[in-house]
Amino acid sequence: MDYQKKGCPRRTDILKRFIRTLICMFAFELIRMLTYAIVFVQFAISIITGKHSAPLRNFGNKLSRYTYEILRYATLNNNRKPFPFSNLPAEHQCEHQASDIDYS
(Lines give C-alpha, C1' and ligand atoms only; values in the text may rest on other atoms or scores of the structure.)
Protein backbone atom coordinates (compact mmCIF):
# COMPACT_ATOMS: atom_id res chain seq x y z
CA MET A 1 0.00 0.00 0.00
CA ASP A 2 1.47 3.35 -1.04
CA TYR A 3 0.95 5.73 1.89
CA GLN A 4 2.69 8.65 0.22
CA LYS A 5 -0.04 8.99 -2.43
CA LYS A 6 -2.76 9.30 0.20
CA GLY A 7 -0.95 12.07 2.08
CA CYS A 8 0.20 9.79 4.89
CA PRO A 9 3.83 9.79 5.98
CA ARG A 10 5.93 6.72 5.31
CA ARG A 11 6.49 4.43 8.25
CA THR A 12 10.26 4.76 7.86
CA ASP A 13 9.95 8.55 8.22
CA ILE A 14 7.83 8.10 11.35
CA LEU A 15 10.39 5.69 12.78
CA LYS A 16 13.26 8.11 12.03
CA ARG A 17 11.46 10.90 13.85
CA PHE A 18 10.70 8.56 16.75
CA ILE A 19 14.40 7.67 17.09
CA ARG A 20 15.38 11.37 16.95
CA THR A 21 12.73 12.07 19.57
CA LEU A 22 14.13 9.36 21.87
CA ILE A 23 17.59 10.93 21.58
CA CYS A 24 16.13 14.35 22.33
CA MET A 25 14.23 13.05 25.35
CA PHE A 26 17.45 11.54 26.69
CA ALA A 27 19.07 14.95 26.24
CA PHE A 28 16.07 16.49 28.01
CA GLU A 29 16.68 14.31 31.07
CA LEU A 30 20.33 15.36 31.16
CA ILE A 31 19.30 19.00 30.84
CA ARG A 32 16.80 18.55 33.67
CA MET A 33 19.59 17.43 36.01
CA LEU A 34 21.86 20.26 34.78
CA THR A 35 19.06 22.74 35.45
CA TYR A 36 18.87 21.61 39.06
CA ALA A 37 22.59 22.26 39.39
CA ILE A 38 22.26 25.71 37.80
CA VAL A 39 19.44 26.65 40.16
CA PHE A 40 21.32 25.56 43.27
CA VAL A 41 24.58 27.21 42.21
CA GLN A 42 22.80 30.42 41.23
CA PHE A 43 21.07 30.65 44.61
CA ALA A 44 24.28 29.79 46.45
CA ILE A 45 26.05 32.61 44.62
CA SER A 46 23.16 34.96 45.40
CA ILE A 47 23.21 34.07 49.10
CA ILE A 48 26.99 34.39 49.41
CA THR A 49 27.61 37.48 47.29
CA GLY A 50 24.21 39.17 47.24
CA LYS A 51 24.33 39.20 43.42
CA HIS A 52 23.49 36.71 40.70
CA SER A 53 25.90 35.28 38.14
CA ALA A 54 25.19 36.89 34.77
CA PRO A 55 27.01 34.20 32.71
CA LEU A 56 25.13 31.45 34.54
CA ARG A 57 21.89 33.31 34.03
CA ASN A 58 22.58 33.65 30.27
CA PHE A 59 23.42 29.97 30.02
CA GLY A 60 20.22 29.08 31.87
CA ASN A 61 18.22 31.23 29.47
CA LYS A 62 19.69 29.46 26.42
CA LEU A 63 19.17 26.08 28.08
CA SER A 64 15.52 26.98 28.71
CA ARG A 65 15.03 27.85 25.05
CA TYR A 66 16.66 24.59 23.96
CA THR A 67 14.46 22.61 26.35
CA TYR A 68 11.41 24.35 24.92
CA GLU A 69 12.48 23.35 21.39
CA ILE A 70 12.98 19.72 22.46
CA LEU A 71 9.54 19.53 24.01
CA ARG A 72 7.83 21.13 21.00
CA TYR A 73 9.58 18.68 18.67
CA ALA A 74 8.84 15.65 20.86
CA THR A 75 5.15 16.52 21.17
CA LEU A 76 4.87 16.95 17.37
CA ASN A 77 4.18 20.69 17.63
CA ASN A 78 7.25 21.72 15.66
CA ASN A 79 9.11 20.16 12.75
CA ARG A 80 12.43 21.95 13.36
CA LYS A 81 14.86 19.35 14.60
CA PRO A 82 16.56 20.42 17.83
CA PHE A 83 20.28 20.18 18.53
CA PRO A 84 22.23 17.90 17.80
CA PHE A 85 20.24 17.56 14.56
CA SER A 86 20.42 21.32 13.93
CA ASN A 87 22.11 24.36 15.47
CA LEU A 88 21.53 25.51 19.02
CA PRO A 89 19.08 28.41 19.42
CA ALA A 90 20.62 31.74 18.52
CA GLU A 91 20.79 34.58 21.03
CA HIS A 92 18.01 36.49 19.26
CA GLN A 93 15.68 33.48 19.56
CA CYS A 94 15.81 33.51 23.36
CA GLU A 95 13.43 35.61 25.38
CA HIS A 96 14.95 38.62 27.08
CA GLN A 97 15.78 38.16 30.72
CA ALA A 98 14.05 40.14 33.41
CA SER A 99 16.04 43.29 34.07
CA ASP A 100 15.37 43.05 37.79
CA ILE A 101 15.14 39.94 39.95
CA ASP A 102 12.40 39.89 42.57
CA TYR A 103 13.30 37.64 45.50
CA SER A 104 10.14 38.39 47.49
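Located above this text is the structure these notes cover.
Residues numbered from 1 in each chain as written. Predicted model: local features only at pLDDT ≥ 70, side-chain atom pairs only at ≥ 80, totals over all residues. Heavy atoms only, no water.

Enquirer: Would you explain helix α1 (residues 11-49) in this entry?
Expert: The α-helix winds at 3.6 residues per turn, so residues separated by three or four positions along the chain end up facing the same way. Here α1 contains 39 residues, and its C-alpha end-to-end distance of 55 Å stays within 8% of the 57 Å for a straight helix at 1.5 Å per residue. Within α1, burial applies to Arg 17, Thr 21, Cys 24, Ala 27, Phe 28, Ile 31, Ile 38, Gln 42 and Ser 46. On its buried side, α1 packs onto α2 (54-74). Two residues or fewer after α1 comes Gly 50, characterised by a positive phi angle close to 80°. (Helix = DSSP H or I, 4+ residues; strand = E, 2+ residues; numbered from the N terminus. Expected span 1.5 Å × (residues − 1). Buried < 20%, exposed > 50% of the residue type's maximum accessible area, 1.4 Å probe, protein only. Contact = heavy atoms within 4.5 Å.)

Enquirer: Sorry if this is basic, but what is going on with a nonpolar patch on the surface here?
Expert: A surface patch of nonpolar side chains, amounting to about 550 Å² of accessible area, comprises Leu 15, Phe 18, Ile 19, Leu 22, Ile 23 and Phe 85. Turning to its location among the elements, Ile 23 is positioned in helix α1. (Patch = residues over 30% accessible without salt bridge, like charges linked within 9 Å, V, L, I, M, F, W, Y side chains within 5 Å. Areas by Shrake-Rupley, 256 points an atom, 1.4 Å probe, with all protein chains shown as cover. Salt bridge = Lys/Arg side-chain N within 4 Å of Asp/Glu carboxyl O.)

Enquirer: Hey, could you run me through the nonpolar core in this one?
Expert: The tendency in soluble globular proteins is for nonpolar side chains to be buried side by side. Of all hydrophobic cores here, the largest spans nine residues; its members are Cys 24, Ala 27, Phe 28, Ile 31, Ile 38, Leu 56, Leu 63, Tyr 66 and Ile 70. Mapped by element, the contributors of at least two residues to this core are α1 and α2. Among the elements that line this core, the one with the most residues is α1, at five residues. Each residue touching Ala 27, except ones within four places of it in the same chain, is listed here: Tyr 66 and Ile 70. (Core = buried A, V, L, I, M, F, W, Y, C linked by side-chain atoms within 4.5 Å.)

Enquirer: Quick question: what am I supposed to make of the packing of aromatic side chains here?
Expert: Between two aromatic rings, the relevant description is the distance of the centres plus the angle of the planes. The tally for this structure, following the rule as stated, stands at zero aromatic pairs. Positioned above the aromatic ring of Tyr 73, the side-chain terminus of Arg 17 is 4.0 Å from the ring centre. (Phe/Tyr/Trp six-rings, centres within 6.5 Å; stacked < 30°, edge-to-face > 60°. Lys NZ or Arg CZ within 6 Å of the ring centre and 35° of its normal.)

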